[in-house]
Structures are given as structure tokens and as C-alpha cells.
Amino acid sequence: MSRIQIPINGISTTSAWQEGDCCSLVNLRPKNGALHPVAPRKELTEGLFQQYDIVFVHHVSSTAENWIGVVNVADNNGNDRFSVYWETRDGQPQNIVYSIEGKVNSVQQIGNTLSLITEDNIYYLFYRDNKYVFLDEIPQVPPIQIRPNHVDGLVSYFGSINDESIHSDNFIERIKGVLNATMYNLVNGYTDSAGSHEPKGPLLFDACFIRYAFRLYDGSLTKHSPPILVMPARSIVGVEGVGGSDSIKVISYAVTNDRLVADQSTVTVCGYNLELTYDLAFSGWENWKDIIQSVDVFMSAPLGVSSVENIRIDMPFSGYRHSTYNLIKGISKETLKKVSEASTFYFIRSILLGRIQLPSLGPKDPIDIFPSTDKDISTMENLIYQEVMSDNGFSNHKYGAGYSYAYNSRLHLANITTEFFKGFDSDYFLCPSSGDYPNGNYNGYKYKDAPGPECNQLVIEVEINTGLATEKVLLGNNSGAYANGSLYKMFLSGFLSYPDPRATRMTIYRLASFLGDDQIVRSRWDRVFSQPLKKHSFLSLSYYMRDDLNPIVASAIPVQTGEPDTNKTVSITEPNKMKVSELNNPLLFPNRNTYQISNGTILAMASNAIRISEGQFGQYPLYVFTANGIYSLNTGEGEVVYSTQSAPASYEVPTTGIVCPTPFGIVFTSSRGVCIISGQQVDLLTPQLQQPPQDLQIQTDERLEGVVLNLRANFVDFLKVIEYILYNSAENELIIHDKDAAFNYVYCFDSRQFYQSTEKIDGAVQNTFPDLLVIDGVKIKDYSESESSGSHVSLITRPLLFGTPDLKRLERMILRANLFGIQNPGDGKQSVLLNYYSMDEVNFRILRGMSLAPASRKDVDMGMFSRSKFRQFMLAFAGVVDEKSEIRFIEAEVEKEYQNTKMR
């Protein structure tokens, strides 16, 4: 007879189990060589006011935190909607926003801003002055309407500039000098024999582009406007022999004996400035004033279409004649290419949010003219030294994500849905007229000559090649929004664009009223413009530009159509792409921070960085879990967020988007079980649970129901429906949770063993590391503390062989343990210790059972057995004991029945 000690291990389901493994181990933690009861977790004094789908703790300072709850519901039409509450912890929650379209799948914190991420959009909450402001999605930057204002030219006699003779050999160079001097005098004023000429102030003399965008709190720019081609009010290119009177640079000269007659020769240069009309007090602007500082305006360098370097070189210069010519004869292909490829815009001014500049109503409402101020002058004189506008046309699109992650103060979006921008309102391109300029409104083209009629509405349609199909987006608007309600004819800048190079065509529809033959006014939709778009060489946009740079007007022969559908949206889902925001700015996602991760769907992202209240920080690689494997991205420097991307180093492929960072690596699920990745090493944590549990028929009766907890499940199937994997830092454990199951699987990193917990969990409170707080209905439980000392525990060992599969006689069995505070599990129920036997390793009958009366006991001896010759035995212990109890091992005296050394 030999005495055997068998340690009690965690759960296993494998065919080759170790002696002492359990088929069920409930609320008993294998740790430090023994089993320790796990009592129910402590319930916080303050619970939740109602049930939420997401509970997120927003850390607004080092000592203050706010509890945010999100409720997702479906409305009567089956559409997803969400509401957000602030659980103030001292009364009823405050409703921050109610019934917004969408379903929030994640909440992320960057400073005082919370991002509410849905599949197809991002909404923002901002905390200030002890309250939350729902910012909704980022607004579109309001249009700034730009009207060129003609400024009278200055006639300069050549003799008043320099008495040096001008002849055919130096004519062109001398004219350039005169032009430059004339422009200088027009701006600054001068005195000649005719008297004093007042300065006109800073002016523009060439075409340029104007572009603007929101300036955010961190200095970045977003929601870029289209580049607006600005042309002088007078024409750059005049009609031969006639156009001088309408041109921006004109020479009138007399020649005799191959010499210019100075006192009969003049040059006229017309400058212009811009009248700006805008309304930056858009709906909800005050909510955004801490996020959006201003609308900042940028300008290109002069485009060269009317540069003095571009003046004609074919001036007639023989005999005596008096002639008037436009000095700019035409716009060359090289100049047009320069215009179409202009991509550098320099900062010129800021306009504060909330400011309104409507057409002047008198001295109390002066017109905003650019350039006008001393600052404008200094800016223009040093234009190329000013800040250069970033190019991020994609900032006008909307983004949603299936998964998000905050790391190093950047918001990461993965499995992205992009809803294409519906296009710029025609007000961005409109050149409004406040009257009939005698010299023209836009490059000499007169507004009154534009084909009519005045329109009630313009709709711009853009065709986009998404890569899968050609789709159309349409944006409707009311033309002439800033013209005191007046209607306007279609009179647009000569450069139209859409902020995505995938756009291929632009079409404009017009709704206008007309008087029928029956004298009844009716409205009709017409297609008045349709042109292909070109991909810009340097900017993230497609464009159409008129070759003559004149305004874009309605077709003389419009095509009648039906009403365009402006409700249509176009979106694409890119499951293998990830976008990363700017540093400390979750509102801006530069295109340079877009990464394609393999060809598989991105399921999750995580890093090994230690989480603090504001998120994860460090130089650890970012793991991207995809349906094709796990990729790691190494952090970069400067503007490079991630420098290199490493392909999967393991054949383990994630099966869900559930991951859990731990100090030892990132835990994830695969087809084999639960794995952990650290560096490029992937290990399986659950080899002991890979097989389905053995189907054992264990005898029971009504006295044991609810006492012995035989909780068994196919672990691989269990993983397919879990909601969370949580890390309990207080006990160094993983909790694998399915809220519909009666228990959770728990993995102890210290012992590398599994047990089961009956702690009910409906969800986890997010952003509470290192604490682990879980939700049970409206109750909040803290995993670092016990609610009570009593714990309902249960264990059932796997079949005990005692060293041989043959028959053996069990003489005695003792459960070596310190059991404190043994209690009855319920009415008519007692804590029990059971011994089972079997001859076939499937059917187990009770050999002996013991009821344990309320008390404290050291070891439980089941006494001497008789007539107990069987092949397998099992031990079960169940009941309520104090948390301080400890179960160490099983001790048994066993006599082998056969000594057949020859295996006969």
C-alpha cells in the first residue's frame, strides 16, 4: 500500500491530462501551489442610474473624472440612434445629447475631447466650464464670396519717369520699368507737374488663387475650401486695337524717327482689390469656439498671367503713328499650365469665428477689403516667407470606423468607412455683382452679359470613380446667399474643383423661373454645365479650368432635366486601412497618416504600452490584428507616425476583434484558443482547453443541485461568442467573458492555469486602468476588493488513476485543506465532499459522500473505504467557505490489485 499526494490543478479538457486536473473548478483560484476561494467582488456605493451600452470614465484632470454613458437603440423605422449621458454620481444623470443618428461602437479620449465613433461618422464631446458640449460632427467652413473691385489706373507720361530716349532696341525693357514704376506710384501716390496723386493703397495687379480653412486650437488646418481663381475686374487680354480701354495694362504711344515721343506716350495700369463677404456665425459656432480659432485665408503668389514679364514683344515701331494696345496680348500654354498647377498658398489673414461681413449698409458696416491694412501690406511684401497652407483636401470627407484606439495622444481608426464629401456649394465659386461695372466684373467679362436667367437654385453634381464603380454626389444650394436675398445668374470663378483626385466629371443643374406663353410663372430644372475633371498634379483634388480664365457661365443651350436627387450619399468601406489623427487632435486625419495593412479586414489594434488615465504612451510597436494575421508598426519620428510595417511572424490568425493588453503581451483569440503576442513571439495560452470536454455521466441527486457546480463547455465554441477579455491587474488574471453564459473562464498568469468564475458581468467600465470595474445591471463592482468573505466554490477532478489504469483498491482519501467558515449554500443544502468511482471512465457513481456542517475544519478525512476495487475515482468538493480558506492537495492510500510486470 502506498500513500499518494495529488496537487489539485486548474481545468483541462485534453486527452492526456495530468493527475489532479479538474473538469470543473469554480471560484477557486490556483495560486501559490494551492486553491484559494474567490469571493464576489465589492459593489460600489454609487451605481449607475440606468443601463448603458458603453460606460467610459473621462479623466478631466489628475484628480477629477467624469462617468459617461452611451445608450444605443433602434427607432421605429429600425434606424440606429444613440444618446449620451453624464453620470454625475450624485443624482440623476445629465442628458448631453439625445437620439442622434448612428450607433456608437467606441468612445476615445484625447484631452478634454471625447470622440464618439460610429461605423460611418465621428461625433465629438468637449468638456469645459464643468459641462459637456456636444459638438456634433465638424462643420463645413462657410464660403467667403470674393468680388474683384476695379481701382482706377494711373496714366504715366514717359517723360515724367525718365527723359532717356526710348527706341526699338530698348523698348521692351523700358516699358517694363515704366510699368513697375507706375504700379508703385498707384499704390503709394506721387507728385508730378500736374499735381499730387493720392495713393490708392495696397492693390493686386495679377491673377491669384485664394483658399481658406478652419484654424484649429493646435494650429492645424481642416475643412479646406476650394482654390478660388481670382482675376482682375478688367480684362487681362484685350481686343486688338480696341481692348485698351478695358484692359488692365495699356500703352498709348507715338513714334517718330524710331524714337518714342515721350510727351505723347502714356501707360495705364489698373489695380484691383477684393471685397470679402462672409458669415462665420454659423449655427452652433459658439460650441466650437474653443476648438476652431478662426478661418484663415491663404493666397498664392501672382500667377503671371498679367506679369510685366509677360508683355507683348511684337509692338509696331516704325514710322510716325499713334496707337493704343493692351500690353498683354495673350495667355500662353505655359502660363495656363502654371495656373493649373499652382499648389502653394501663403497665409495672409485670420478672420475670427463668429464674425459677419455682409454687403455694406453704410458707414457703420464698412466693406472688408483685401488688401487694406498695414498687416496686409507687410504680409504681401513678404508673401513667400509666410506660413504655407497644408494640403488636406480629404478633410472634407466623413470617416467612420469599425475599430478605434487611442495611442500616444493620437486617435487611430481602422476598418474605415469614408463618406464622400457632397461637394462645394456654388457660393464658394460665385462672383456676386452689386451693379454693372463699366469695365467688367471678372477678367473684363461683364456680369450683365452672362446668359440668364437668374436662378433659384444651383446643384453641383460630381462623378467619382471609387475604384469599384462610378458614383455621383450632389449638393444643392440657394445661389446668392449673401446678396440680401437677391437671385443671381450663374457667374462662377474660372476654376472649379472637388477635393478628391478620384472625381472625374462635374455637372451643374439650374432651377429657374420663366414666364410661359399663358403668362404663368413656372420653374424648370436645366443642365447648364458639364465638363470632365482633371487630376491635379500636386493637390488632392480634381479640377476644371477655362482656357481663357473667364468666368464659368451657364450654357447658351441648356438641357431640360428632372430635379436632381441631392439626398444621395456615396461611401466606400476599406476594411484593411487605418487612419491616424494629428498629435493631440482627434479631429484631423492627414492623408499622409493613412496605412494599408495587408489585404485582410482589420479586427483590432493594441500596444504593450502601459495605460494611464489619458491613454497609452510609449515607443512600443502598434499591433494591428487582421483576418490575415498580426502586423506590427514601429513608431516613427517627427511627422512620420509609423516608420516600418512588419508582416506576420506567426501562423496564428485572429478570429475576433477582442484583444486585451497585459504586461506580458497582447492577448487575442485564434481558431485554437487564446494566444498572446509579445514582440514577434506568439504563444498559445490555452493548450489544456483545446479539446471539447469529455462527456462524463456523474451521479447526482436533488440534494446536490446548486451545490456542486459542474460547469463545462467547449472552450473553442465559447470563444466565438465572448464580449470581452479583461485583465485584472490586482490578481494578474485574464477574465474571458460571455455575458450569456453562467460563468467566465479565468486564466492565472502566475500558475498558468484556468478556473471558472460565476461573477456576473454585463460589461466593463472603460478607461479605468489599473483598476478593473465591471457592470452588473446598474451595479458597479470593483475587482480589487471582495464584497463578503463567503464564497460558493466547487471542484470536480478529472478521473484519478493513481498511477495505473488498472484496477486498484482505494483505502483512504483526505482533502488536505484549511477550511474556514464553512456554511450551508442554501435552505436544505449543505457543503459536501464526494468520492466517485467508475469502471469505464464515463459513468461515475458516488462511492462516499460527506456533508460538512457549518464550522471551520483543517483537512477533511473521508475515512477508510472497503470493497472499493475500481479503475477510476473522482473527488468533488462544493459549498460555501471563507475567502481565507485554502485547499492544498488530495492525499490517498491506494493498493494496486495486480502486479503484472509482463503486461499479461
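Okay, so let's go over this structure. (Residues numbered from 1 in each chain as written. Predicted model: local features only at pLDDT ≥ 70, side-chain atom pairs only at ≥ 80, totals over all residues. Heavy atoms only, no water.)

Tracing the chain through its elements places I236 in the loop between β19 (228-230) and β20 (249-256). Sequence separation between I236 and V97 is 139 residues; the distance between their C-alpha atoms is 54 Å. If sequence neighbours within four positions are ignored, I236 has contacts with M231, I248, V305, S306, N326, I328 and N443. (Helix = DSSP H or I, 4+ residues; strand = E, 2+ residues; numbered from the N terminus. Contact = heavy atoms within 4.5 Å.)

What follows covers helix α3 (residues 333-340). Every buried residue belonging to α3 is among T335, L336, V339 and S340, and all of these are buried. Looking straight down α3, one finds its buried side chains confined to an arc of 135°; they lie on one side. Opposite the buried face of α3, by more than 90 degrees, sit the exposed residues E334 and K337. Those residues of α3 hidden inside the fold are in contact with β17 (208-216), β19, β33 (495-498) and β37 (542-545). (Buried < 20%, exposed > 50% of the residue type's maximum accessible area, 1.4 Å probe, protein only. Arc of directions from axis to C-beta.)

Within the open sheet, the 4 strands sit side by side as β48-β49-β50-β51. Their pairing is antiparallel. Only two strands of the sheet have a single neighbouring strand rather than two, namely β48 (654-662) and β51 (681-684). Each adjacent strand pair in this sheet contributes to an overall mean axis angle of 25°, direction not counted. Note that β48 and strand β49 (residues 665-670) share 5 bridges and pair antiparallel. Within β49, the position partnered with V659 by the bridge is F668. (Pairing = 2+ DSSP bridges. Axes fitted to C-alpha atoms, helices over the stretch in contact; angles between N-to-C directions.)

Turning next to the state of the cysteines. For the structure on display, the rule yields 0 disulfides. Sulfur of C660: no disulfide; nearest cysteine sulfur belongs to C675 and is 14 Å away. In this structure C675 comes out as buried when scored by relative accessible area, which is 0%. (Disulfide = S-S within 2.5 Å.)

To continue, consider the pattern of salt bridges. Across all of its chains, the model carries 40 salt bridges by this definition. Among the salt bridges present, the one from E891 reaches R3, with a minimum N-O distance of 3.0 Å. Of this pair, E891 sits in strand β67 (residues 886-896) while R3 is found in strand β1 (residues 2-7), placing the two residues 888 residues apart along the sequence. The partner of D75 in a salt bridge is R81, and the shortest N-O contact between them spans 3.9 Å. For D75, a relative accessible area of 24% translates into the label partly exposed. (Salt bridge = Lys/Arg side-chain N within 4 Å of Asp/Glu carboxyl O.)

Mapped onto the secondary structure, N835 falls in strand β62 (residues 831-838). Using a relative accessible area of 0% as the deciding quantity, one classes N835 as buried. Contacts of N835, omitting those with residues within four sequence positions, involve L810, M813, R845, I846, L847, R848, M862, F865, F873 and M874.

It is worth spelling out unusual backbone geometry at this point. In the segment running from G452 into P453, the intervening peptide bond is cis, with an omega of 5°. Mapped onto the fold, P453 is located in the loop between β29 (410-419) and β30 (455-465). Geometrically, the link from F769 to P770 is a cis peptide bond, its omega value of 10° lying close to zero. By secondary structure assignment, the location of P770 is in the loop between β57 (763-766) and β58 (773-776). The phi torsion at N767 lies on the positive side, around 70°, for a residue other than glycine. The phi torsion at E841 lies on the positive side, around 65°, for a residue other than glycine. As for its position among the elements, E841 is in the loop between β62 and β63 (843-852).

This structure, assessed with the given rule, holds 36 aromatic pairs. Aromatic pair F718 and Y745: ring centres 5.0 Å apart, planes at 85°, arrangement edge-to-face. Of this pair, F718 sits in helix α5 (residues 715-719) while Y745 is found in strand β55 (residues 744-748), placing the two residues 27 residues apart along the sequence. Ring centres of Y747 and F749 lie 5.3 Å apart, and the angle between their planes is 85°; this geometry places the pair in the edge-to-face category. Ring pairs connect the aromatic residues F664, F715, F718, Y727, F743, Y745, Y747, F749 and F754, which therefore count as one cluster. We note K489 situated over the ring of Y447; from NZ or CZ to the ring centre the distance is 4.9 Å. One Lys or Arg, R848, reaches over the ring of F865 and ends 4.3 Å from the middle of that ring. (Phe/Tyr/Trp six-rings, centres within 6.5 Å; stacked < 30°, edge-to-face > 60°. Lys NZ or Arg CZ within 6 Å of the ring centre and 35° of its normal.)

Our next topic: empty space enclosed by the protein. Enumeration according to the criterion identifies 6 cavities of 30 Å³ or more in this entry. Roughly 200 Å³ of volume is contained in the largest cavity. Together, 16 residues line the largest cavity, and I138, H397, K398, Y399 and L587 are the ones closest to its centre. Grouping the constituent residues of the lining of the largest cavity by class yields 8 nonpolar, 5 polar and 3 charged. When its volume is computed, the second largest cavity comes out at roughly 110 Å³. As for the second largest cavity, its lining consists of 14 residues, and the residues nearest its centre are S12, T13, C23, P693 and R712. (1 Å grid on protein atoms, 1.4 Å probe; cavity = no way out; pocket = protein on both sides within 12 Å on 5 of 7 lines; lining within 4 Å. Points joined across faces, edges and corners; volume = space filled by probe spheres on them. Nonpolar A, V, L, I, M, F, W, Y, C, P; charged D, E, K, R; others polar.)

Interpretation in functional terms is not warranted from these geometric data alone.
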